[in-house]
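Chain by chain, the residues:
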Amino acid sequence: AAPVMLSRFRGALVGSVLGDCIGGEFEGAVDVPLDRVLQHLSALDDDTRGEGILQYSDDTAMMRCVAESLLTRMPFDEHDMARRFAKEFNFAPGRGYGSGVIQVLRKLASPHLKDVFQPAQVQFGGRGSFGNGGAMRAAPFALAFRSRADVCKYSRLGAMLTHSCSLGYNGAALQALAVHLSLQGALALPKEFINKLISEMEEMEKDETAQHDAKALNLSEFPYCSRLHRVKELMDRNSVSIEEVISELGNGIAALQSVPTAIFCVLHCLEPRAGLPEKFRGLERTIAYSLALGGDTDTIACMAGAIAGAHYGIDSIPQSWQKSCEGVEEADDLARRLYDLYCLPQSEE
Ligand code: R7I
Ligand code: MG
Ligand code: MG
């Protein structure tokens with residue numbers, strides 16, 4: 001039976017934290033043999049290993065700030081969200097933040113700052129960051145808003161606090177939309193799921209700024225759409241190697257090289273896959289597969305984990321995995337509170 005909505009909400013945020021914590025092991029690795037991934041995952045079942053829990057990184061730290069800000073300041077308060085990012089960074093700066101975003105977070109801490117979007121705008125020579133830091137924390141927007149238009153609008157604004165390049169904030173919107181559709185059960189029809197994402201991104205990438213950024217960065221005219229078309233082509237194939245996925249979609253720290261990749265991981269793992277244990281259910285397969293790609297594994301697994309968790313629900317996530325990761329209970333609590341908010345009538349704009 002399809003999971004109920006509350007289970008999907010909890011699955012989304014817990015799946016996101018698990019991907020971050022479990023994926024941290026291989027972040028930046030070039031070659032990750034599947035054997036090593038499976039070894040890492042089976043250690044999670046071993047109560048006696050005594051290694052303590054796996055810690056979350058910036059991905060989860062910032063996702064929590066987003067969720068808390070949305071819960072207290074609906075629909076969106078940029079000052080509140082910026083303050084939470086800055087405070088969290090100041091409290092725990094060693095969570096593995098991107099090297100550029102650190103400068104933004106320091107500026108956001110200043111009490112004299114009037115325009116909270118300004119620090120992001122001066123990054124990377126004035127074009128802004130195209131990193132995946134906006135996308136990695138985007139899942140709560142899908143839990144806070146019912147309409148697709150609001151999910152898009154606010155996930156983009158939330159990303160712009162640190163990522164002012166259109167590739168950065170459009171990647172965040174793509175991730176939030178994927179979680180939104182997954183919460184609605186849209187992954188039951190994978191082809192329609194990817195087609196909906198493509199048509200949403202077509203609208204977003206028509207935008208003048210998006211066109212300008214794509215040109216300046218030497219990308220195709222509709223960068224996310226063209227990646228999503230590649231996702232669709234890979235979906236149609238009977239067998240796809242890890243090398244092909246990396247060369248077609250990427251596994252890097254740029255949003256363009258990781259959000260479509262995370263979406264592919266979810267789609268590819270809707271069915272059992274050779275090389276992955278038969279006892280694995282969908283979310284376990286998705287996280288395992290994301291890790292095997294190497295590269296920005298914590299973030300790709302975090303994004304794939306959110307989309308997959310929204311599809312399969314909390315009950316599909318092994319207890320042993322949940323117990324092995326820092327911040328799972330807090331994420332579960334945030335998801336429940338966002339669900340309560342979601343159930344209240346929302347004003348239509
Ligand atoms: O995007 P961001 O928050 O980083 C997120 C990543 C995730 O993998 C986390 O798990 C964590 O490890 O970091 O941070 P940014 O510093 O904005 O961007 C990340 C990196 O992308 C930068 O340090 C740059 O190396 C690169 N980058 C760019 N390089 C050149 N020109 C981002 N934007 C640009 C750019 O415009
Ligand atoms: Mg991280
Ligand atoms: Mg990362």
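Right above here is the structure, for reference.
This text gives an overview of the structure that appears in the document. Source: prediction; values computed, not measured.

Some points on the coordination of the magnesium ion (ligand 2)
The magnesium ion (ligand 2) binds to the protein through Ser57 (OG), Asp58 (OD), Asp59 (OD) and Asp298 (OD); the donor distances cover 2.1 to 2.3 Å. Of note, the donors binding the magnesium ion (ligand 2) are all from one chain and are spaced S-D-D-x238-D. Between the two metal centres, the magnesium ion (ligand 2) and the magnesium ion (ligand 3), the spacing is 3.7 Å, with Asp298 acting as a shared donor. Note that Asp59 is positioned in helix α3 (residues 58-72) and Asp298 in helix α16 (residues 297-312), a separation of 239 residues in sequence. Comparing Asp59 with Asp298, the two get one shared label, buried.

Quick word on the coordination of the magnesium ion (ligand 3)
At this site the magnesium ion (ligand 3) is bound by Glu27 (OE), Asp296 (OD), Asp298 (OD) and Thr299 (OG1), with donor distances of 2.0 to 2.4 Å. Each of the six donor atoms around the magnesium ion (ligand 3) contributes to a set of angles spanning 78 to 174°, which defines the coordination as octahedral. All donor residues of the magnesium ion (ligand 3) come from one chain, and their arrangement in sequence is E-x268-D-x1-D-T. The buried category is assigned to Asp298, whose relative accessible area is 1%.

Points about helix α1 (residues 5-23)
A rise of 1.5 Å per residue sets the reference length of α1, with its 19 residues, at 27 Å; its end C-alpha atoms lie 26 Å apart and thus fit the reference within 8%. Counting buried positions over the 19 residues of α1 gives 17, a clear majority of the element.

Observations regarding helix α9 (residues 166-183)
The terminal C-alpha atoms of α9 lie 25 Å apart, and with 18 residues this matches the ideal 26 Å at 1.5 Å per residue to within 8%. Extensive coverage of α9 is indicated by the burial of 18 of its 18 residues. Trailing α9 by a residue or two, Gly185 shows a phi angle of about 85°, which is positive.

What counts and how
- Residues numbered from 1 in each chain as written.
- Chains lettered and ligands numbered in written order.
- Predicted model: local features only at pLDDT ≥ 70, side-chain atom pairs only at ≥ 80, totals over all residues.
- Heavy atoms only, no water.
- Donors = N, O, S within 2.8 Å, 3.2 Å for Na, K, Ca; no water.
- Helix = DSSP H or I, 4+ residues; strand = E, 2+ residues; numbered from the N terminus.
- Buried < 20%, exposed > 50% of the residue type's maximum accessible area, 1.4 Å probe, protein only.
- Tetrahedral: all angles 85-135°; square planar, octahedral: opposite > 155°, others 65-115°.
- Expected span 1.5 Å × (residues − 1).

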